[in-house]
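Here's the letter readout for the chains.
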Amino acid sequence: MKYEWRDGNQIDLLINGEDFFPAVFESIRNARQQVLLETFIIFEDKIGMELQQALIAAARNGAEVEITVDGYGTADLSTEYVAALVAAGVRVHMFDPGKRPFGMRLNLFRRLHRKIVVVDNEVAYIGGINYGEDHIADYGPMAKQDYAVRVRGPIVADLHTAAVRLLDARDDRPATPHRGSQPGQHRHAGNSRLLMTIRDNGDDTNTIEQHYLDAIRNAQHRLIIANAYFFPGYRLLRELRNAARRGVKVTLILQGMPDMPLVRLCSRLTYNYLLRDGVTIYEYCQRPLHGKVALADHEWCTIGSSNLDPLSLSLNLEANVIVRDAALNRRLHEHLSELAESSCKSVPLKRVMRGYWWRAPLIFLCFHFLRHFPAIAGWFPAHSPRIKLLKPEIEAPQCGTLQVDQEKVS
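Computed from a prediction, not measured in an experiment: that's the story for all the values here.

Caption draft 1: Quick look at the overall build of the protein. Secondary structure summary: the protein contains 13 helices and 17 strands in total. Per-residue burial over the protein gives 58% buried out of 410 residues. Within the protein, contacts between residues separated by at least 24 positions form 80% of all contacts whose residues are at least 6 apart in sequence. When the accessible surface of the protein is split by element, carbon and sulfur atoms take 52% of a total near 17,500 Å².

Written out as structure tokens, the structure reads:
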């Protein structure tokens, strides 16, 4: 689906769970009409339990509450957790669950990786933060650095449309009077110009990547990308190099303390190619970086769920918002600059060149593999992802077996 630029929005940057969770939980608890929530992960920890209680409160207010979780990322919710939601009237959907032979999750590809919340079609949240205590500082050294935004104004209708389109693939979903809101129905809320973007396996296979490419090609002064899983295709790497060659200050902030060591290994395969043409690379070493944000010059920026790796760019369902707002760009630039200065290590070309003789052939092969990765992925049969509506049979005070209804998602 093609989304249009929307004027007249308000946008607030939310940094880490400390900003995000209080805001989104308060919005959900105060809902009176509808809550639509999509996420990759819900953990059954203190954050997951607070989310559960907020959703139950919204349902008890009379709101229609529908949540969709991913069958790989949220594979371990207990029957009791789901049953408490269903008993309150919450509809819980699981995107493309898979069988788990010997307890192993094998359904890795084509995941629902989006993180969207729309409340009463008036306020919405989008970003990269999952629902787990690993997104708050008191989790410890492995707490994640991450970002989201809260939006009001005409853009909310587009986030609502994206969430409803996913659910509307279910034939058994009852009609609701809260659907079909148009952007013009939303009052002017601020001065931000926003664009909703998605990546799916239908008509929007490269929309988010194309916005990155356009921003890099058009940048004149500065470009900062802070991304958790950085292993893009050759086109994006080439445009970053070209931007640095024409005098743009290009800065990458990548993982230096990864939650998955393979991620840093893949990213480092790109370092020599970028550093030798003037790109500055920092590794964030305070804790794992989970963010997916970028800015260009003094107005453009993006926040969302999409990493710059093969899974996000070629397989997963992703959602980002593109922003034209000088104030948000400035705040994000100040934050990322401070992050680079205080919590990152600069990567020198001299260090990268050590052992380059044996890495060069591997780099060459990886670049050209990734350059053709979307086409290669298309060679394999694309299963039709399903949404399962979870329906625990509730037998007070115990929860019975978990039943599901199955429908396809386009």
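Let's pick the thread back up.
Caption draft 2: Region of interest: the nonpolar core. Counting residues in each nonpolar core, the largest one holds 73 residues, and the members touching the most others are Met196, Leu240, Leu252, Ile253, Leu274, Ile281 and Leu336. Counting residues per element, this core draws most heavily on helix α4 (residues 155–167), which supplies 7 residues. In contact with Leu336, not counting residues within four places along its chain, are Tyr147, Ile224, Ala226, Ile253, Val293 and Leu295. Of all hydrophobic cores here, the second largest spans 38 residues; its members include Ala54, Leu77, Val117 and Tyr125.

Caption draft 3: Summary view of the UniProt feature "active site" (unreviewed entry) in the protein. According to UniProt, the feature "active site" (unreviewed entry) maps to His113, Lys115, Asp120, His290, Lys292 and Asp297 in the numbering used here. Considering the arrangement of structural elements, one finds His290 in the loop between β11 (280–284) and β12 (292–296). Overall, the relative accessible area of 5% leaves His290 in the buried class. With sequence-adjacent residues up to four places away left out, His290 is seen in contact with Gly128, Asn130, His135, Lys144, Gln145, Asp146, Ala228 and Tyr229. Tracing the backbone shows Lys292 in strand β12. A relative accessible area of 0% places Lys292 in the buried class. Among all residues touching Lys292, those that are not within four sequence positions of it are His113, Gly128, Ala226, Asn227, Ala228, Tyr229, Thr302, Ile303, Gly304, Ser305, Ser306 and Asn307. Polar contacts involving the side chain of Lys292 include one to the main-chain carbonyl oxygen of His290, which spans 2.9 Å.

Caption draft 4: Inspection of the packing of aromatic side chains at higher detail. Counting across every chain of the model gives 8 aromatic pairs. A ring pair is formed by Phe20 and Tyr125, whose centres lie 6.1 Å apart and whose planes are at 85 degrees; its orientation type is edge-to-face. One end of the pair, Phe20, is in helix α1 (residues 16–29); the other, Tyr125, is in strand β6 (residues 123–127), with 105 residues separating them in the sequence. Look at Phe20 and you get buried, because its relative accessible area is 3%. When the ring of Tyr212 is compared with that of Trp300, the centres are 6.4 Å apart and the planes differ by 70 degrees; the resulting orientation is edge-to-face. Residue Tyr212 is located in helix α5 (residues 207–218), and its partner Trp300 is located in strand β13 (residues 300–304); the two are separated by 88 residues in the primary sequence. Judged by its relative accessible area of 2%, Tyr212 falls in the buried class. An aromatic cluster of at least three residues, connected via ring pairs, comprises Phe20, Phe21, Phe25, Tyr125 and Tyr131.

Caption draft 5: Region of the structure containing unusual backbone geometry. A positive phi angle is found at Asn16, which is not glycine, with a value near 65 degrees. Relative to the assigned elements, Asn16 resides in helix α1. A residue is classified by how much of its surface remains accessible, and Asn16, at 7% relative accessible area, is buried. With a phi angle near 55 degrees, Asn121 is a residue other than glycine that sits in the positive phi range. Topologically, Asn121 is positioned in the loop between β5 (116–119) and β6. Owing to a relative accessible area of 11%, Asn121 belongs among the buried residues under this scheme.

Caption draft 6: Main features of the environment of Glu26. In this structure, Glu26 sits in helix α1. The exposure class assigned to Glu26 is partly exposed, which follows from its relative accessible area of 45%. As for Glu26 and Ala58, which are separated by 32 residues in sequence, their C-alpha atoms are 10.0 Å apart.

Caption draft 7: The arrangement of α5 in detail. Taking 1.5 Å of rise per residue, 12 residues should cover 16 Å, and α5 covers 17 Å from first to last C-alpha, within 8% of that figure. Of all the positions in α5, only Thr207, Ile208, Glu209, His211, Tyr212, Leu213, Ala215 and Ile216 are classed as buried.

Caption draft 8: Expanded view of helix α3 (residues 79–88). The set of residues buried in α3 consists of Tyr81, Val82, Ala83 and Leu85. Looking at the residues trailing α3, positive phi occurs at Gly89, about 105 degrees.

Caption draft 9: Quick look at the pattern of salt bridges. Taken as a whole, this structure holds 15 salt bridges when the rule is applied. Taking the shortest distance from any N to any O, the salt bridge between Arg150 and Asp12 comes out at 3.4 Å. Of this pair, Arg150 sits in strand β7 (residues 147–152) while Asp12 sits in strand β1 (residues 6–15), placing them 138 residues apart in sequence. In this structure Asp12 comes out as partly exposed when scored by relative accessible area, which is 21%. Between Lys46 and Asp138 there is a salt bridge, with the nearest N and O atoms lying 3.3 Å from each other. Here Asp138 lies in the loop between β6 and β7 and Lys46 lies in helix α2 (residues 46–60), a separation of 92 residues in the sequence. Residue classification places Asp138 among the exposed positions, given a relative accessible area of 58%.

Caption draft 10: Focus on the environment of Phe40. In this structure, Phe40 sits in the loop between β2 (34–39) and α2. Taking the C-alpha atoms as reference points, Phe40 and Gly128, separated by 88 residues in sequence, lie 9.3 Å from one another.

About the criteria used
Residues numbered from 1 in each chain as written. Predicted model: local features only at pLDDT ≥ 70, side-chain atom pairs only at ≥ 80, totals over all residues. Heavy atoms only, no water. Helix = DSSP H or I, 4+ residues; strand = E, 2+ residues; numbered from the N terminus. Buried < 20%, exposed > 50% of the residue type's maximum accessible area, 1.4 Å probe, protein only. Contact = heavy atoms within 4.5 Å. Areas by Shrake-Rupley, 256 points an atom, 1.4 Å probe, with all protein chains shown as cover. Core = buried A, V, L, I, M, F, W, Y, C linked by side-chain atoms within 4.5 Å. UniProt positions renumbered as here; feature names shortened; annotations may be inferred. Polar contact = N/O pair within 3.5 Å; in protein donor to acceptor, adjacent residues only side chain to side chain. Phe/Tyr/Trp six-rings, centres within 6.5 Å; stacked < 30°, edge-to-face > 60°. Expected span 1.5 Å × (residues − 1). Salt bridge = Lys/Arg side-chain N within 4 Å of Asp/Glu carboxyl O.

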